[in-house]
Amino acid sequence: MADGRESRLFTTKSLYELCVSAVADKFCSYKPHIADLPKNVRFDIYYQLYKERKLCILGTELSDLETFSKMLKVTNRRIDLLQIFQAPMEHGVRVGKQLVISYNMHCYQVRHPYQHPDAQDKIIHLGLRLGGFLSDAGWYSESQEVLLACKELCMTYNQTPKEWFRTLDCCHKLLHAQAAYCAFDGAAETHQLAIEMIKRLKEAHYDDSNHAALFTEFSVLFFIRSEYDQAYRWSIEALKYLKPSLPARIIIDVLRQAAKSCVVKREFQKAALLIREAVYLAREVFDTDHPKYSDVLIDYGFFLLNYDSIINSVSVYKTALDIRKTIFGKTNLHVALAHEDLAYALYVYEYSSGKFDEASEHAGMAIDIMEKLLPLNHLMLASAKRVKALILEEIAIDNASTPLSEQDLLRKSEGLHLSALQLAKTAFGERNVQTAKHYGNLGRLYQSMRKFQEAEEMHLKAIRIKEELLGPDDYEVGLSIGHLASLYNFHMNRYTDAEKLYYRSIAISLKLFGKSYSGLEYDYRGLLHVYNKLDQFDKIMEYTETLSHWKELRDKHAQSEDSPIDIQKHPQPIANIIHMFFSM
């Protein structure tokens, strides 16, 4: 009895909570009166519907544009709104699509000449809020539709500097959705319109604008298109515009995108400064359960993986995935992309062990989610299919004792690689880093399938494109050179050619990462195989010693690695970070 009373004591609800539960319990009866309630109270009732899993009722309510516009104004409950929006969507209620249809109808109505300008302004600002939310929620297609309608309305009334600035704000949000959704043709148009609006504002001496966030979106667009020089250029421009008075969200986004741009330019010291500051700032401002913190962790994982801190990368990606699943559920593009990133990190981490079950599971989940949410042959599937294909190839090699299974897996891997290559060529053309990566992956696969001439052709294509775009000493070039060396060494008996390629690959790795870099192991072992075949015993002794020294350095590297996130660390003043960055 005492236990029962104690339990009731600790679960006592306030009178307000009991009222909210009562309304949610008999929602249909109270529905006619809900509209008269303050928006915060309505939000609590909808959140109670979410907790009670009354998702059809909740979805119907949120599908009403007027209702949803009021919920968008409850700005201190953004994570809760993301959750109550996602739940009906997963349940099959097309809330996003209904909001898009309603918004388009409102845009059509306010275009009539008799409408007061205030009505048009109201609809534009609603579009900016709604489109931004849909993008934050991971529903980029719906976001794009809303913001395209909003942009059209902006362009109808685009005569004054204030209106140009409003159009520029729309371009900023639209570009984010288009780039994330790989809608590159539309994104190119939006980019050009944004440049035009910036020019007009500058000529009009309109000084109320800061372009840090917009320039970051320019960088994101070029980064996704693998145009890394332009991505780096715009991220640097964004950094120059950073000021302490800007919202923390903007500062964080500028820092993390600039860090990614530095990573692909192999400026790791600069990248480390920026991404760690973004992590600590996001943690302090938003806490560790916020989607912005998960966004930063995804980019931090990217940095760690490229900086050869693989185990820490896996840890950070897992944390980011857990945050996203809590907020966005199971069937959401944010979650799919986190699964894909984790799958690739696990693939790299387990490469020497051959234990790819976990990596394969996450890659499969990424593809399953994307195939449910995206049109057939959407570009976002290319990367996920590439990761899955790489994993299947390694599983096939490790199970070579069962030839039928091996061949089935290799054929499945080939199908995924060819599909990914075609998607990349359609989106980017032949002369692109992503296309080159797919050629390189096919080269490795054909090597496993014992199609050596085809493998050589693919590797040479990859090297040629990468050298042309990235220069002769880039990491990606070194990777492809190492793969071609392996082909010549182990399968084509071209030992002298292999030797030259290994030396070049090693030189690139040493220049970029130093003597403890993990990838050096494969080149050193490759050279030992070459010299065994050539009976060059002095070289065998030299590289046996080199490999042994490398193992010692790796052990020291593993022991010296700190935790990726220092729980005691706090963000520095942004002016200090910018000064340090440009002093490097």
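This structure is a prediction, so every number in the text was calculated from the model and none was measured.

1. Points about the overall build of the protein
On a plain count of helices and strands, the protein comes out with 29 helices and zero strands. Since a compact globule built from 584 residues should have a radius of gyration of about 25 Å, the 27 Å found for the protein is in line with a globular shape. When burial is assessed residue by residue, the protein has 54% of its 584 residues classed as buried. Looking at the protein as shown, the accessible area adds up to about 27,200 Å², and 52% of this sits on carbon and sulfur atoms. The average position of the 71 basic charges and that of the 76 acidic charges among the side chains of the protein differ by 3 Å.

2. Quick notes on the layout of surface pockets
Each pocket or cavity is described by its volume, and for the second largest pocket that value is around 440 Å³. Lining the second largest pocket we find 24 residues, and of these R276, Y300, D562, S563 and P564 sit closest to its centre. Broken down by element, the lining of the second largest pocket gets its largest block of residues, six residues, from helix α16 (residues 268-286). Of the residues belonging to the lining of the second largest pocket, the class tally is twelve nonpolar, six polar and six charged.

3. Focus on the side chain of E393
Following the sequence through the fold, E393 ends up in helix α21 (residues 380-398). This buried residue, E393, is left without a salt bridge; R444 holds the nearest opposite charge, at 5.0 Å. Discounting chain neighbours no more than four positions away, the residues touching E393 are L410, S413, H417, N441, R444, L445 and S448.

4. Quick look at the domain arrangement of the protein
For the protein, the assigned domains read domain 1 (210-327), domain 2 (329-337 + 354-418) and domain 3 (429-559). The C-alpha-based centres of domain 2 and domain 3 are spaced at 25 Å. Taken together, the contact pairs eleven residues of domain 2 with nine residues of domain 3. Summed over both sides, the interface between domain 2 and domain 3 buries roughly 1,000 Å², with carbon and sulfur atoms accounting for 59% of that surface. Contact with domain 3 buries surface across domain 2, with R386, E414 and H417 losing the most and accounting together for 44% of the total. Here domain 2 and domain 3 share two residue pairs in polar contact (both at pLDDT 80 or more) between them. Of all the secondary structure elements, the ones that give two or more residues to the side of domain 2 that touches domain 3 are α21 and α22 (403-428). With six residues, the single largest contributor to the side of domain 2 that touches domain 3 is α21. Tallied by class, residues from the side of domain 2 that touches domain 3 come to five nonpolar, two polar and four charged.

5. Concerning the pattern of salt bridges
When the charged atoms of two side chains with opposite charge come close together, those side chains can pair. Per the counting criterion, the structure on display carries 37 salt bridges. A salt bridge links D295 to R324, with the shortest nitrogen-to-oxygen separation between them at 2.8 Å. A residue pair is termed long-range when its members are at least 10 positions apart, and D295 in helix α17 (residues 291-306) and R324 in helix α18 (residues 310-328) qualify at 29 residues. Summarising the burial analysis for this pair, D295 and R324 share the class buried. If you follow the salt bridges from partner to partner, you end up with D253, R256, K260, K292, D295, D299 and R324 in one network.

6. Considering the UniProt feature "repeat: TPR" (unreviewed entry) in the protein
In the numbering used here, UniProt assigns the feature "repeat: TPR" (unreviewed entry) to residues 436-469. Overall, residues 436-469 shows 91% helix and 0% strand. The separation of its end C-alpha atoms is 10 Å.

7. Things to note about a positive patch on the surface
The grouping of K39, K73, K122 and R129 at the surface amounts to a positive patch. The topology assignment puts K73 in the loop between α6 (65-72) and α7 (78-91).

8. Thoughts on helix α11 (residues 161-180)
The end-to-end C-alpha distance of α11 is 29 Å, a good match for the 28 Å that 20 residues give at a rise of 1.5 Å each. Listed in full, the buried residues belonging to α11 are W164, R166, T167, L168, C170, C171, H172, L174, L175, A177, Q178 and A179. Those residues of α11 that are buried are in contact with α9 (117-136), α10 (140-156), α12 (184-203) and α13 (212-224). At the exit of α11 stands C182, carrying a positive phi of roughly 60°.

9. What about the packing of aromatic side chains?
Following the criterion strictly, the structure yields 27 aromatic pairs and no others. Relative to F133, the ring of F85 lies with its centre 5.3 Å away and its plane at 90°, an arrangement referred to as edge-to-face. Placement of F85 in helix α7 and of F133 in helix α9 is noted, with a sequence separation of 48 residues between them. Each ring, one from Y300 and one from F303, has its centre 6.2 Å from the other, and the planes form 10°; the classification is stacked. On the criterion of helical spacing, the pair formed by Y300 and F303 is a turn pair, its members being three residues apart in helix α17. Of the two residues, Y300 and F303, both sit in the buried class. Every member of this aromatic cluster is reached through a ring pair, and the members are F268, Y300, F303, Y307, Y475, F513 and Y517. The ring of W234 is capped by R233, whose NZ or CZ atom sits 4.3 Å from the centre of that ring.

10. Some thoughts on the nonpolar core
Among the nonpolar cores identified, the biggest contains 199 residues, and F85, Y103, L239 and L242 are the most heavily contacted of them. Apart from the residues lying within four places of it in its own chain, the contact partners of Y103 are L65, I123, I124, L126, G127, L130, V146, A149 and C150.

11. Quick look at helix α29 (residues 574-583)
Of all the residues in α29, the buried ones are I574, I577, I578 and F581. Each buried residue of α29 sits inside an arc of 95° when the element is viewed along its axis, so together they form one side. Seen from the buried face of α29, the exposed residues on the opposite side, beyond 90 degrees, are H579 and S583. Each element contacted by the buried residues of α29 is listed here: α14 (228-240), α15 (248-264) and α16.

12. Quick word on unusual backbone geometry
Notably, R53 is not glycine yet its phi reads approximately 60°, a positive angle. With respect to the secondary-structure elements, R53 resides in the loop between α4 (39-51) and α5 (55-62). One non-glycine residue with positive phi stands out, namely N493, at about 55°. Position of N493 relative to the elements: it lies in the loop between α25 (475-490) and α26 (495-513). You can call N493 exposed: its relative accessible area is 54%.

13. A word on the environment of A204
Locating A204 in the fold gives a position in the loop between α12 and α13. Judged by its relative accessible area of 35%, A204 falls in the partly exposed class. Separated by 43 residues in sequence, A204 and P161 place their C-alpha atoms 7.0 Å apart. In contact with A204, other than residues within four places in its own chain, are P161 and W164.

14. Considering the environment of M380
By secondary structure assignment, the location of M380 is in helix α21. Between the C-alpha atoms of M380 and L337, which are 43 residues apart in sequence, the distance is 9.0 Å.

Scoring rules and cut-offs
- Residues numbered from 1 in each chain as written.
- Predicted model: local features only at pLDDT ≥ 70, side-chain atom pairs only at ≥ 80, totals over all residues.
- Heavy atoms only, no water.
- Helix = DSSP H or I, 4+ residues; strand = E, 2+ residues; numbered from the N terminus.
- Rg over C-alpha atoms; globule rule 2.2 N^0.38 Å.
- Buried < 20%, exposed > 50% of the residue type's maximum accessible area, 1.4 Å probe, protein only.
- Areas by Shrake-Rupley, 256 points an atom, 1.4 Å probe, with all protein chains shown as cover.
- Lys, Arg positive; Asp, Glu negative; His and termini not counted.
- Charge placed at Lys NZ, Arg CZ, Asp CG, Glu CD.
- 1 Å grid on protein atoms, 1.4 Å probe; cavity = no way out; pocket = protein on both sides within 12 Å on 5 of 7 lines; lining within 4 Å.
- Points joined across faces, edges and corners; volume = space filled by probe spheres on them.
- Nonpolar A, V, L, I, M, F, W, Y, C, P; charged D, E, K, R; others polar.
- Salt bridge = Lys/Arg side-chain N within 4 Å of Asp/Glu carboxyl O.
- Contact = heavy atoms within 4.5 Å.
- Domains from an automatic or database assignment.
- Buried area = accessible area lost by both parts, 1.4 Å probe.
- Polar contact = N/O pair within 3.5 Å; in protein donor to acceptor, adjacent residues only side chain to side chain.
- UniProt positions renumbered as here; feature names shortened; annotations may be inferred.
- Patch = residues over 30% accessible without salt bridge, like charges linked within 9 Å, V, L, I, M, F, W, Y side chains within 5 Å.
- Expected span 1.5 Å × (residues − 1).
- Phe/Tyr/Trp six-rings, centres within 6.5 Å; stacked < 30°, edge-to-face > 60°.
- Lys NZ or Arg CZ within 6 Å of the ring centre and 35° of its normal.
- Core = buried A, V, L, I, M, F, W, Y, C linked by side-chain atoms within 4.5 Å.
- Arc of directions from axis to C-beta.

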